[in-house]
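Observations on chain architecture
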Amino acid sequence: GSDGAPGAPPAPLTNRLREELLARANIAVALARHDAQVTYVGALGDDAMGELFYADLARSGVVTHLQFVEAPTGVVVSLVAPDGQRSMMTDRGANALLHDEELLEDLARNFDHLHLSGYTVLDEHTRAVASAVFALANANGVATSLDVCSVGPLAEVTPATFLEAGAGAGVL
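A word on the pattern of salt bridges. Enumeration according to the criterion identifies two salt bridges in this entry. Linking R92 and D123 is a salt bridge whose minimum nitrogen-to-oxygen distance equals 2.8 Å. Placement of R92 in the loop between β4 (86-91) and α4 (100-107) and of D123 in the loop between α5 (118-122) and α6 (127-139) is noted, with a sequence separation of 31 residues between them. Judged by its relative accessible area of 11%, D123 is buried.

Bringing the pairing of strand β5 (residues 113-117) into the picture now. Consecutive residues of a regular strand have side chains that alternate between opposite faces of the sheet. Alternating positions in β5 separate cleanly, L114 and L116 being buried on one face and H113, H115 and S117 remaining unburied on the opposite face. As defined by bridge partners, β5 adjoins strand β6 (residues 143-147) across five bridges and the pair is classed as parallel. Looking at the pairing, L116 lines up with L146 of β6.

Here the focus is the environment of V63. With respect to the helices and strands, V63 occurs in strand β2 (residues 63-69). Of the residues examined, V63 reaches a relative accessible area of 44% and is grouped as partly exposed. A C-alpha to C-alpha distance of 8.7 Å links V63 and V41, two positions 22 residues apart in sequence. Beyond its immediate chain neighbours, meaning those up to four positions away, V63 contacts V38, T39 and Y40.

Turning our eyes to something else, we now look at the pairing of strand β1 (residues 39-45). Burial runs high along β1: five of the seven residues are buried. Following the chain from β1 across helix α3 (residues 48-59) to the adjacent parallel β2, one finds a crossover that is right-handed.

Calculation criteria
Residues numbered from 1 in each chain as written. Predicted model: local features only at pLDDT ≥ 70, side-chain atom pairs only at ≥ 80, totals over all residues. Heavy atoms only, no water. Salt bridge = Lys/Arg side-chain N within 4 Å of Asp/Glu carboxyl O. Helix = DSSP H or I, 4+ residues; strand = E, 2+ residues; numbered from the N terminus. Buried < 20%, exposed > 50% of the residue type's maximum accessible area, 1.4 Å probe, protein only. Pairing = 2+ DSSP bridges. Contact = heavy atoms within 4.5 Å. Right-handed = clockwise from strand over helix to strand, strands pointing away.

The following block contains the structure:
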């Protein structure tokens, strides 16, 4: 959160919050900024952070199909060392409550590509959702990709578990 210059003061808190919220959907936002039609499907807490995330996605041109659940919106804290090495601390919050029935209904619409966050595969609560989503995409001949996200949780669930749950992904 700064203007990028060494020693520059951090960006105002509201800007940093928006940057962190949009970082969760950075691929969706980047594609929308390049005039791609993008739909973001996920779960949000019914709280101020969820409202901010929803509003910022809309301002970025991303269409949303969101499940609002009774849990705090997920948070990722990114710590950056002076050498640029990042460490992430993740609280999946509402994301752990993502329901496959609603998600599969949202994905029954026509789409060209499915990109899934690796956190969906890394979390035992949503791992089956990931497998179901990839199965639907593959059955419809849709290209798929999966972002590994973070090495720490990957080591905890084991690469074998991750690869098994993400077997439907065409690109890792």
